[in-house]
Amino acid sequence: MAVWALGINHTTAPLDLRGRFAFALDQIAPTLQGLRQSLGNSAGGASRHPGVETAIISTCNRTEIYCAGDQPAMDHTLGWLAQSGGVSPALLRSHSYTLEDSLVARHAFRVASGLDSMVLGEAQILGQMKDAVRAAETAGALGTTLNQLFQRSFAVAKEVRTSTEIGAHSISMAAAAVRLASQLFEDLSKIRVLFVGAGEMIELCATHFAAKNPKQIAIANRTLERGEKLATRFGGEVMRLADLPERLHEFDAVISCTASSLPIIGLGAVERALKKRRHRPIFMVDLAVPRDIEPEVKALGDVYLYTVDDLASVVQTAQANRQAAVAQAEAIIDAGVQSFMHWMELRSPAGTLGAAGGVVPLIQQINAQTDEWRALEIARAKKLLAKGEDVDAVLEALSRGLTQKMLHGTMAELRAGDADMRAQTAQTVSRLFLRSQSKAGL
């Protein structure tokens, strides 16, 4: 079984390119179906990579495809993703990373543990990975190999967080937004804050801003019911997303993070808001990928617009204090990778992963063969008993028949080949069948 992964993240691709490959959670299932169909059929309709397992992780900072199948299909996977984002394979290749086998496991374990995040040690990615795995399971795209990979990722992440201080003093994206707002406004208790969206990231941001007791909190969301729930929690008001352009001027700070595929706050709306505000500044944070706020807004003189990439320098300030924890986490991940690769070797057909490969399939074949021999001997014994044969004689014949069947191949090998081969076979047979005697002689 081959395992491969393809991805782009905040270190390899700019924000607008990442936005082309962002998949909302409800898009994962149909997207996976399209990917599996593409991998499973060639241009002529013949089976190319049948039964490929797939999963997609899509967050603000990354989009990653994980696959498992009989043969790696990296180029085909990259071509499919490029087409889905409307870019050339060459452009995507220049901004992506590709991984196979143990490197896939190491990467997945590091992502789950928060070591590959913009915010070192952040815990949100683990929940996002679990959501992605559930979506893949629901879509029927997750098989034994990827399921094992992700379950081990979650176990490694748990050990990293309980055994190290990787998350200690971590500066979250939400906390970074508050820090930036504090640099613009002397007193956050005097500002009015609008949150656009009602997802997990907005909830985190609202929690951090609410701790500063702002003058007003408002939630604008497409679904009023979900917005009302969040607004009630923070003592704020809820408004329809459609009312946002007309009320934008009321707010000093705007934090947006929705799953919209197109910007929902345009240049014109912000210009009108600034005019009504008599050019009092507006602090804006766009945490969405793709963008919620048109990038041209940043050029306006009285707007301070930050994206997820702009927050990078803020969230990295505590990195140096956690380097010792990183080293501990990497050691845990190393052990996890070795364990996963050993599991892969045991399950692989002989020869595909070296001399150690094929153990589990071989055990299954041996069990099937011995079950067949046992069934034959039991059937023969029952016939003899039905004819009135002596029970002791039947049991003796049954045990002798089983012994002969089980030792036939071994005896044949001991007699075959040249002297050196027979000597090697004899050593193996002694180790397998005379182990107790060998131990007794030590």
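Residues numbered from 1 in each chain as written. Predicted model: local features only at pLDDT ≥ 70, side-chain atom pairs only at ≥ 80, totals over all residues. Heavy atoms only, no water.

(A) Local environment of the pattern of salt bridges. A full pass over the atoms with the stated rule returns 20 salt bridges. For R134, the salt bridge goes to D131, with nearest N and O atoms at 2.5 Å. With R134 and D131 both in helix α6 (residues 124-138) and three residues apart, this pair spans about one turn of that helix. Looking at D131, the relative accessible area reads 28%, which means it is partly exposed. One salt bridge in this structure joins K405 and E377, with 2.5 Å as the shortest N-O distance. Placement of the pair is K405 in helix α16 (residues 391-415) and E377 in helix α15 (residues 359-386), with a sequence separation of 28 residues. Classification of K405 as partly exposed rests on a relative accessible area of 24%. Each of R62, E64, R110, D116 and E330 takes part in a single network of salt bridges with overlapping partners. (Salt bridge = Lys/Arg side-chain N within 4 Å of Asp/Glu carboxyl O. Helix = DSSP H or I, 4+ residues; strand = E, 2+ residues; numbered from the N terminus. Buried < 20%, exposed > 50% of the residue type's maximum accessible area, 1.4 Å probe, protein only.)

(B) Layout of the packing of aromatic side chains. What the rule picks out here adds up to four aromatic pairs. Between Y66 and F150, the aromatic rings sit 5.3 Å apart at their centres with planes inclined by 75 degrees, giving edge-to-face as the arrangement. Here F150 lies in helix α7 (residues 144-163) and Y66 lies in strand β3 (residues 62-69), a separation of 84 residues in the sequence. Taken individually, Y66 and F150 each receive the classification buried, so the pair is uniform in this respect. Summarising the aromatic geometry, the rings of F340 and W343 are spaced 5.9 Å apart at their centres and angled 25 degrees between planes, so their arrangement reads as stacked. In this pair, F340 and W343 both sit in helix α14 (residues 323-347), three residues apart, roughly one turn of the helix. Here F340 matches W343 in class, with each residue buried. A cation sits over an aromatic face here: K130 above F154, 5.5 Å from the ring centre. (Phe/Tyr/Trp six-rings, centres within 6.5 Å; stacked < 30°, edge-to-face > 60°. Lys NZ or Arg CZ within 6 Å of the ring centre and 35° of its normal.)

(C) Expanded view of the environment of F195. When you line up the elements, F195 lands in strand β5 (residues 192-196). Accessibility expressed as a relative area gives 0% for F195, which makes it buried. With 32 residues separating them in the primary sequence, F195 and G227 have C-alpha atoms 9.7 Å apart.

(D) The arrangement of the confidence of the model for the protein in detail. Taken as a whole, the protein shows an average pLDDT of 86; of its residues, 90% reach a score of 70 or greater. Predicted confidence is poor over residues 42-49, with pLDDT under 50, and the contacts of this stretch with residues over four places away or in other chains come to 14 contacts. The low-confidence segment residues 438-442 (pLDDT under 50) makes one contact with residues lying over four places distant or belonging to another chain. (pLDDT = per-residue confidence, 0-100. Contact = heavy atoms within 4.5 Å.)

(E) A look at the sheet that holds strand β4 (residues 97-100). Strand order in this open sheet of four strands is β2-β3-β1-β4, and the pairing throughout is antiparallel. Edge strands, defined here as strands with exactly one partner in the open sheet, are β2 (53-58) and β4. Sheet twist, expressed as the average angle between the axes of neighbouring strands with direction ignored, equals 15 degrees. Bridge count for strand β1 (residues 2-9) against β4 is four bridges, and the pairing is antiparallel. Paired with L6 across the strands is T98, a residue of β4. Each of β2 and β3 touches helix α2 (residues 28-40); the most contacted strand, β2, lies at about 140 degrees to it. Relative to β1, helix α3 (residues 74-85) is tilted by about 35 degrees, and along the sheet it contacts β1, β3 and β4. (Pairing = 2+ DSSP bridges. Axes fitted to C-alpha atoms, helices over the stretch in contact; angles between N-to-C directions.)

(F) Molecular detail of α2. End to end, α2 covers 18 Å across 13 residues, agreeing with the expected 18 Å (1.5 Å per residue, within 8%). Regarding α2, the residues found buried are I28, T31, L32, L35, S38, L39 and G40. Along its buried surface, α2 packs onto β2, β3, α3 and α6. (Expected span 1.5 Å × (residues − 1).)

(G) Representation of the sheet that holds strand β10 (residues 303-307) in the model. The six strands lie next to each other as β7-β6-β5-β8-β9-β10, forming an open sheet whose pairing is parallel. Two strands bound the open sheet, and with one partner strand each, they are β7 (237-240) and β10. This sheet shows a mean twist of 20 degrees between the axes of neighbouring strands, independent of strand direction. In terms of strand pairing, strand β6 (residues 216-221) meets β7 through four bridges, oriented parallel.

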